[in-house]
Structures are given as C-alpha cells and as structure tokens.
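Secondary and tertiary structure notes
The chain contents come next:
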Amino acid sequence: IILLALAQYLADFFVFNPNSPKILLLLDFKLHGIVLATAILIAAGYIINAFYDFEKDLINKPQETIINTVVSSNSSLNIYIALNFLGLLVAFLSSAKLFLFFFGFSFALWFYSHKLQKIAFLRELSASLLTVSAFFSIALHYNRLDISVFVYGSMLFSIILIREFIKEFINQQGDVLYGYNTFLVKYGKRKTKNLIKTLILLSLI
C-alpha cells in the first residue's frame, strides 16, 4: 500500500506535472484524497482476500495469519465493509467522477478474491491490473492519458506482475493443497522463472 501511494505521488510529480513547483502539488487536496481512497480500498481488498484465503494462508504463512484466528469472520467482514464505506466517502468528497471509478475498483477487488484468483494467469494479470488501475486514478484527476502515462503505467504493471509470480513460489504448497490453479502450479517452475526474467527485462526497457 505504501509503495503504491509512493508510485501515485511520483507519477503526479514527475509524469503529470514535471515542471510544476512540488510545494503547490502538495497543496492539492484532491490528490491526497485519491491516494487516501486508494490506500483504504486496497486495505479492504487485502482483508476480503485474506477472508477467502484463510485456510490456504494457514499453511503458507501461519505466523502472518494468526490475526485471523483471533478476529472472527464477522468482525473481518464488518471491518471490510467499514473500510469500503470510508474509502468511497473519501473518493466522493474528492469528486463524483472519482467516486464512480473507485466504486468499480472496490467491486473488482471483491470479484477477484471471490472468483478470479483460482484461474491460472488470469489470477496474476487481474491482481496486477487492479493494483496498477489505482495509478490511473491520477490520470483521471488530470483528464490526461498519453504515451508517458502509458509507459509509466506499463512499467509499474510489469513490476507488480513480477511480484505476483514470485509470491506463487512462496505460496505453492497451500495453492496445490486447496486447488488454486496458479501459473506456477499449471506450467511449472522453469516456465514461471523464464516469464519472470522476461518481465524484468521488459520493466527495465
């Protein structure tokens, strides 16, 4: 979440407003609203994802999953709903256009956790697209989408996609046991490592 917030601010400073005084950009409260709404809604997305992945995460990362054994499922869902409400409220206070964008973003995060994350390659692509789509909320703020924005977004997408594939090596045991048809499970370690190397090269380019 912190890295994505940093990417949003860097995009605002160096992609959308490379020649503007940075102090003036920091006084743009709509920008801060976008970053805050993104952070809150992605936090909600992590909670609903952990809700659906609870049994698998007990195997892959038992120490990190301890909170889910203390906090009840109902409490987790209530926190998820509260964070969605808060994030959408912040987006609405920023602008009606951003509210509609983040409403769709919030629904897509839930749909990914509920349906898409067990489908090989679609799982990794959709997770990366969802994360990088938050960056394009800055483009929506400025009503601007040109080649520099596309290149920056593509670089960010490549890095996030690399992260998704690396996570599969960490989570492989639970993915296999609970039937998560990830790219690694379906195509094996060699093809996954070659894909990661290709994505690293593309992100550098």
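Note: the structure precedes this text.
The shown structure was predicted, so the numbers you read here are calculated from the model rather than taken from an experiment. (Residues numbered from 1 in each chain as written. Predicted model: local features only at pLDDT ≥ 70, side-chain atom pairs only at ≥ 80, totals over all residues. Heavy atoms only, no water.)

**What about the overall build of the chain?**
Short version of the rule: Counting from the N terminus, the helices are the DSSP runs of H or I reaching at least four residues and the strands are the DSSP runs of E reaching at least two. Each residue is placed in one exposure class: buried if its accessible area under a 1.4 Å probe, protein chains only, is under 20% of its type's maximum, exposed if it is over 50%, and partly exposed if it falls in between. In what follows, a contact means two residues having at least one pair of non-hydrogen atoms within 4.5 Å. Only the protein chains shown count as cover for residues, and all accessible areas are computed by the Shrake-Rupley method using a 1.4 Å probe.
Tallying secondary structure elements over the chain gives 13 helices and 0 strands in all. In the chain, the order of α-helices and β-strands from amino to carboxyl end is α-α-α-α-α-α-α-α-α-α-α-α-α. Among the 205 residues that make up the chain, the fraction classed as buried is 43%. In the chain, the share of contacts with a sequence separation of at least 24, taken over all contacts with a separation of at least 6, comes to 73%. With an accessible surface of roughly 11400 Å², the chain has 71% of that area assigned to carbon and sulfur atoms.

**Some remarks on the side chain of Ser 133**
Cut-off, in case you're wondering: The term polar contact refers here to a pair of N or O atoms within 3.5 Å; inside protein, the definition further demands a hydrogen-donor-capable atom paired with an acceptor-capable atom, and it admits residues adjacent in sequence only when both atoms are side-chain atoms.
The residue Ser 133 is located in helix α8 (residues 122–133) in this model. Within the structure, Ser 133 has its side chain in polar contact with the backbone oxygen of Leu 130 (distance 2.6 Å). When residues no more than four places from it in sequence are discounted, the contact partners of Ser 133 are Phe 101 and Phe 105.

**Topic: helix α13 (residues 189–204)**
Because an α-helix completes one turn every 3.6 residues, residues spaced three or four positions apart along the sequence face the same direction. Applicable threshold: A helix is expected to reach a length of 1.5 Å times the quantity of its residues less one. Arc definition: it is the arc formed by the directions from the helix axis to the C-beta atoms.
Here α13 contains 16 residues, and its C-alpha end-to-end distance of 23 Å stays within 8% of the 22 Å for a straight helix at 1.5 Å per residue. Burial in α13 covers these residues: Thr 192, Ile 196, Leu 199 and Ser 203. The arc that holds the buried residues of α13, viewed along the axis, is 65 degrees, so those residues lie on one side. Every exposed residue of α13 that faces more than 90 degrees away from the buried side is listed here: Arg 190, Lys 191, Lys 197, Leu 201 and Leu 204. Those residues of α13 that are buried are in contact with α10 (147–170) and α12 (183–187).

**A closer look at the nonpolar core**
Selection criterion: We call a set of buried residues a nonpolar core when its members are Ala, Val, Leu, Ile, Met, Phe, Trp, Tyr or Cys and they connect through side-chain atoms within 4.5 Å of each other.
Grouped together as the largest cluster of nonpolar side chains are 44 residues, with contacts concentrated most on Phe 16, Phe 102, Phe 105 and Phe 135. Of all the elements in the fold, those that place two or more residues in this core are α1 (2–16), α3 (29–52), α6 (73–94), α7 (96–114), α8, α9 (136–142), α10 and α13. In terms of residues, this core owes the most to one element, α3, which gives 9 residues.

**A closer look at the packing of α7 against α8**
Defined as follows: Under this scheme, a helix contributes an axis fitted over its contacting stretch, all axes are lines through C-alpha atoms, and angles between N-to-C directions fall in the 0 to 180 degree range. Here roughly perpendicular refers to angles of 65 to 115 degrees, roughly parallel to angles under 35, roughly antiparallel to angles over 145, and oblique to all remaining angles. Whether a crossing is left-handed or right-handed is set by the direction in which the near helix is turned from the far one by less than a right angle, anticlockwise for left-handed and clockwise for right-handed.
Interhelical geometry of α7 versus α8 gives an angle of 155 degrees and a closest axis separation of 11 Å. Here α8 runs roughly antiparallel to α7, going by the angle between their axes. Every pair of crossing elements has a handedness; the one defined by α7 and α8 is left-handed. Contacts from Phe 101, Phe 105, Ala 108, Leu 109 and Tyr 112 of α7 reach α8 at Arg 123, Ser 126, Ala 127, Leu 130 and Ser 133.

**Quick look at a nonpolar patch on the surface**
To keep things clear, this is the line we draw: To count toward a patch, a residue needs a relative accessible area above 30% and no salt bridge. Like charges then connect within 9 Å, nonpolar side chains (Val, Leu, Ile, Met, Phe, Trp, Tyr) within 5 Å. Salt-bridge detection follows one rule: a side-chain nitrogen of Lys or Arg within 4 Å of a carboxyl oxygen of Asp or Glu.
A contiguous nonpolar surface patch, about 550 Å² in accessible area, is contributed by Phe 85, Leu 86, Leu 89, Phe 92 and Leu 93. Locating Leu 93 in the fold gives a position in helix α6.

**Digging into the pattern of salt bridges**
Applying the stated rule across the entire model yields 2 salt bridges. A salt bridge links Arg 163 to Glu 164, with the nearest nitrogen and oxygen atoms 3.3 Å apart. Assessed through its relative accessible area of 40%, Arg 163 is described here as partly exposed. According to the relative accessible area criterion, Glu 164 is buried, its value standing at 7%. The residue Lys 167 makes a salt bridge to Glu 164 at a minimum N-O spacing of 3.6 Å. One end of the pair is Lys 167 and the other is Glu 164, both in helix α10 and 3 residues apart, which spans about a single turn. Each of Arg 163, Glu 164 and Lys 167 takes part in one network of salt bridges that share partners.

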